Amino acid sequence: MADHALDWQARCPFWPRDVADRYREAGIWRYETFFDLLARQAGRLGRRIALIDGARQIGYDRLHCDALALAGGLSALGLVRGDRVVVQFPNCGEFVTLFFALCRLGVVPVLALPGHRDLELGQFADFTGARAILTAQEPKGYDMVALARRVQERVPSVRHVVALGDGRDATPFDSLFRPDLPLPAGPNAEDVACFQISGGTTGVPKLIPRRHMEYLYNIRMAVAASGLDGDTRYLCVLPMMHNFPMACPGFLGTLWAGGTVVVAPEPEAGICFDLIARHRVTMTALVPPLALLWLDAQAGLGADLSSLQLLQVGGAKLNPSSARRIRPELGCQLQQVFGMAEGLVCFTALTDSEERIVNTQGRPMSPWDELRIIRPDGREAAIGEPGELQVRGPYTIRGYYDMAGHNAQAFTADGFYRSGDIARRDADGAIIVEGRAKDQVNRGGEKIGVDEVEDLLVAHASVLDAAVVGRPDALMGERLCAFVLAAPGTTPRPGALRRHLAEAGLAAFKIPDEVIVLDRFPQTGVGKVNKRQLREQLREAHFPDPVAARQEESA
Ligand code: AMP
Ligand code: DBH
């Protein structure tokens, strides 16, 4: 294999040599890839059920054979070790097969979210020089193949569009199962296995290179923290390619433990409650808004959730009063999860008191995680004092893909990731997340970098300037609120601005829930937009609430 295929990996920062050696010697990083894991489990567990998707029950041996056959077909397309592809799949069993097939070949997926559109997909493909886009056409809903085709037209490196389902002129996913073909050698354990997407604060996407050996360590630690074993039946509700349901411990952790993954096609409570009862699901993972919707749904439905032992909630702060409802109303234990696709994951312990589970975001899952909390004056905070959480460790990246300039800001000189989260630690070492220093909105677990939205708004002829902030919301935690100044002689219309963003190809979850036109922005001492004051004005309800605003707009 030509080495140039792997040149790009040099643009994925690695740990310093002495640190890496320490992790290897301590057995933290092992020489195993994701495909090795699947092969091992297939040998050990045979026909035990790995995956349930609708009416299909897929054994470990079958999953292993399918992944090998799919690797054959992908290889026949010309994909080789080191190639990048963009993968945009809904929750389905095929995503699991595809992940392992790509891992077998060392072809690296950029794990796009189902909600990403032209803008994001184009950036991922362009930035990584992706050779293919693998997508899934659902019978109803958005035309995902047309989206992939538009991106292909703009990004010359994209040779293939592969589609699961009714893909018309795309290469059918089902045609790629080729068990007859010989396969080339696979990747090394320290190669990049996949790219996770960062929520981001900047206008460009930040890609998080996760490597086999450290991501597998992440998974082993998460499995231990959540107590998974061969009897675990994990319902995969959140988008499967996201770090939380994928690896913390998620579906990969479930397979690592020899359990069974049940795929939820939708997060809707009624659908998921049926799956929980039918398949005797023992654990699942949700973001806070979904946990709230499930609580309310269960009050009405009284579904049989008796098999459910553990509910993980993470991605955004769960308020203590909602946290307190989980055990009595859903009949299972809560585990708070505070994690980031960049690495660090914290869990409340299964043995923690209810008070700690409700009031903290848990402790780092590895004894090798190094955390520090830095006050605004640059000094390390004392216990109980808030500051910015910084972290480094054996599964926290040392830099984003190909972003030397940004990495110099996002990481400290001694290799700590600046999380942008404001947190404090209590006397027992648990983290309590207090807020955020980064210019990002967390809309029910979906992270939105405000720069990107502001830049697109300012590109509209009627907008002189834009400032995007989060508005507190009982269900979502925050909603996205855009303040705009009118360009001279124009009248910005909220509906038209939202359409402008959608037409620019922005994912729907990044389109502001409300747009408010102001005459001027409050300024800070140095003449920057004072977002803190804008947020305060929102909180003090100087502006109509979103529902009223939307009604006005449609009037
Ligand atoms: P990302 O870097 O896009 O993977 O998003 C990770 C970010 O999500 C963290 O840095 C936090 O800001 C936020 N987050 C994740 N879990 C929690 C939680 N349990 N409580 C509060 N914030 C969270
Ligand atoms: O929000 C996240 O990115 C997240 C939340 C919980 C995460 O990456 C994780 C757990 O691993």
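None of these values were measured; they are calculated from a predicted model.

With respect to the overall build of the protein
Part 1 of the argument: When its secondary structure is counted, the protein shows 18 helices and 25 strands.
Part 2 of the argument: Against the 2.2 N^0.38 benchmark of 24 Å for 555 residues, the protein shows a C-alpha radius of gyration of 23 Å, consistent with a compact globule.
Part 3 of the argument: If one aligns the C-alpha atoms of the protein with their principal axes, the spans along those axes are about 65 × 55 × 55 Å.
Part 4 of the argument: Across the 555 residues in the protein, those meeting the buried criterion constitute 60%.
Part 5 of the argument: Here the analysis covers contacts within the protein between residues at least 6 apart in sequence; of these, 69% occur between residues at least 24 apart.

Points about the UniProt feature "domain: AMP-binding enzyme C-terminal" (unreviewed entry) in the protein
Part 1 of the argument: Mapped onto this numbering, the UniProt entry gives "domain: AMP-binding enzyme C-terminal" (unreviewed entry) at residues 452-528.
Part 2 of the argument: The distance separating the terminal C-alpha atoms of residues 452-528 is 17 Å; by composition the span is 22% helix and 34% strand.

A closer look at unusual backbone geometry
Trans is the prevailing form of peptide bonds, just as negative phi is the prevailing case for residues other than glycine.
Part 1 of the argument: In this model, Cys248 is joined to Pro249 through a cis peptide bond whose omega is -10°.
Part 2 of the argument: The phi angle at Arg280 is positive, at roughly 50°, despite the residue not being glycine.
Part 3 of the argument: Counting through the fold element by element, Arg280 comes out in the loop between helix H10 (269-279) and strand S12 (283-286).

Observations concerning the pattern of salt bridges
Part 1 of the argument: Tallied over the full model, the rule gives 38 salt bridges.
Part 2 of the argument: Glu32 is paired through a salt bridge with Arg40; the nearest N and O atoms lie 2.9 Å apart.
Part 3 of the argument: Between Lys510 and Glu120 there is a salt bridge whose closest N-O contact spans 2.9 Å. Residue Lys510 is located in the loop between helix H16 (494-503) and strand S25 (514-518), and its partner Glu120 is located in helix H5 (residues 118-128); the two are separated by 390 residues in the primary sequence.
Part 4 of the argument: Take Lys510: its relative accessible area is 7%, and that puts it in the buried class.

Concerning the sheet that holds strand S18 (residues 387-392)
Part 1 of the argument: With respect to topology, 4 strands assemble into an open sheet ordered S17-S18-S19-S20, the strand pairing being antiparallel. The sheet is open, and its two edges are formed by strand S17 (370-374) and strand S20 (431-436), each paired on a single side. Strand-to-strand, the axes of this sheet are offset by a mean angle of 45°, without reference to chain direction.
Part 2 of the argument: Sheet topology places strand S19 (residues 417-425) next to S20; 5 bridges connect them, and they run antiparallel. When the sheet's bridge partners are listed, Ala423 is paired in S20 with Val433.

Details of the packing of aromatic side chains
For any pair of aromatic rings, the description consists of the separation of the ring centres together with the inter-plane angle of the planes.
Part 1 of the argument: The final tally for this structure, using the stated rule, is 21 aromatic pairs.
Part 2 of the argument: Ring centres of Phe34 and Phe99 lie 5.4 Å apart, and the angle between their planes is 70°; this geometry places the pair in the edge-to-face category. Separated by 65 residues along the polypeptide, Phe34 in helix H2 (residues 34-45) and Phe99 in helix H4 (residues 93-105) bring together distant segments of the chain. Across this residue pair, the class does not change: Phe34 and Phe99 are buried.
Part 3 of the argument: Seen from their ring centres, Phe89 and Phe95 are 6.4 Å apart, and the 50° between their planes marks the pair as tilted.
Part 4 of the argument: Judged by its relative accessible area of 1%, Phe89 falls in the buried class.
Part 5 of the argument: In this structure Phe95 comes out as buried when scored by relative accessible area, which is 2%.
Part 6 of the argument: Following the ring pairs from residue to residue traces out a cluster consisting of Phe14, Trp15, Tyr23, Trp29 and Trp368.
Part 7 of the argument: For Arg372, the ring lying beneath its charged end belongs to Phe416, and the centroid distance is 3.7 Å.

Considerations on the nonpolar core
Part 1 of the argument: Core analysis: the biggest nonpolar cluster contains 149 residues, and Phe34, Leu74, Phe100, Leu235 and Phe251 have the highest contact counts within it.
Part 2 of the argument: At 9 residues, H4 tops the list of elements feeding residues into this core.
Part 3 of the argument: Once residues lying within four places of it in the same chain are set aside, the contact partners of Phe100 are Phe34, Phe35, Leu38, Leu63, Ala67, Leu252 and Leu255.
Part 4 of the argument: If you look at the next biggest cluster of nonpolar residues, it comprises 26 residues, including Trp8, Val145, Val158 and Ile197.

So, the side chain of Glu94
Part 1 of the argument: Here Glu94 lies in helix H4.
Part 2 of the argument: If we skip the residues at most four places from it in the chain, Glu94 touches Asp53, Arg56, Phe89, Leu164 and Phe173.

Things to note about the site of ligand 1
Part 1 of the argument: Contacts to ligand 1 come from 18 residues, most closely from Val337, Ala341, Glu342, Asp421 and Lys447.
Part 2 of the argument: Gly315 has a polar backbone atom sitting 3.0 Å from a nitrogen atom of ligand 1.
Part 3 of the argument: Asp421 places a polar side-chain atom, nitrogen or oxygen, 2.5 Å from an oxygen atom of ligand 1.
Part 4 of the argument: Across the complex, the protein chains shield 95% of the 490 Å² of accessible surface that ligand 1 would expose by itself.
Part 5 of the argument: Residue classes in the shell around ligand 1 are distributed as 6 nonpolar, 7 polar and 5 charged.

Looking at the site of ligand 2
Part 1 of the argument: Surrounding ligand 2, one finds His242, Asn243, Phe244, Cys248, Gly315, Val337, Gly339, Met340, Ala341, Val345 and Lys447.
Part 2 of the argument: One of the backbone N or O atoms of Met340 is found 3.4 Å from an oxygen atom in ligand 2.
Part 3 of the argument: For ligand 2, whose free accessible area comes to 280 Å², the fraction covered by protein is 95%.
Part 4 of the argument: Taken together, the elements giving at least two residues each to the shell around ligand 2 come down to helix H8 (243-247) and strand S14 (333-340).
Part 5 of the argument: Residue composition of the shell around ligand 2, grouped by class: 6 nonpolar, 4 polar and 1 charged.

Thresholds, definitions, all that
Residues numbered from 1 in each chain as written. Chains lettered and ligands numbered in written order. Predicted model: local features only at pLDDT ≥ 70, side-chain atom pairs only at ≥ 80, totals over all residues. Heavy atoms only, no water. Helix = DSSP H or I, 4+ residues; strand = E, 2+ residues; numbered from the N terminus. Rg over C-alpha atoms; globule rule 2.2 N^0.38 Å. Buried < 20%, exposed > 50% of the residue type's maximum accessible area, 1.4 Å probe, protein only. Contact = heavy atoms within 4.5 Å. UniProt positions renumbered as here; feature names shortened; annotations may be inferred. Salt bridge = Lys/Arg side-chain N within 4 Å of Asp/Glu carboxyl O. Pairing = 2+ DSSP bridges. Axes fitted to C-alpha atoms, helices over the stretch in contact; angles between N-to-C directions. Phe/Tyr/Trp six-rings, centres within 6.5 Å; stacked < 30°, edge-to-face > 60°. Lys NZ or Arg CZ within 6 Å of the ring centre and 35° of its normal. Core = buried A, V, L, I, M, F, W, Y, C linked by side-chain atoms within 4.5 Å. Near = heavy atom within 4 Å. Polar contact = N/O pair within 3.5 Å; in protein donor to acceptor, adjacent residues only side chain to side chain. Areas by Shrake-Rupley, 256 points an atom, 1.4 Å probe, with all protein chains shown as cover. Nonpolar A, V, L, I, M, F, W, Y, C, P; charged D, E, K, R; others polar.

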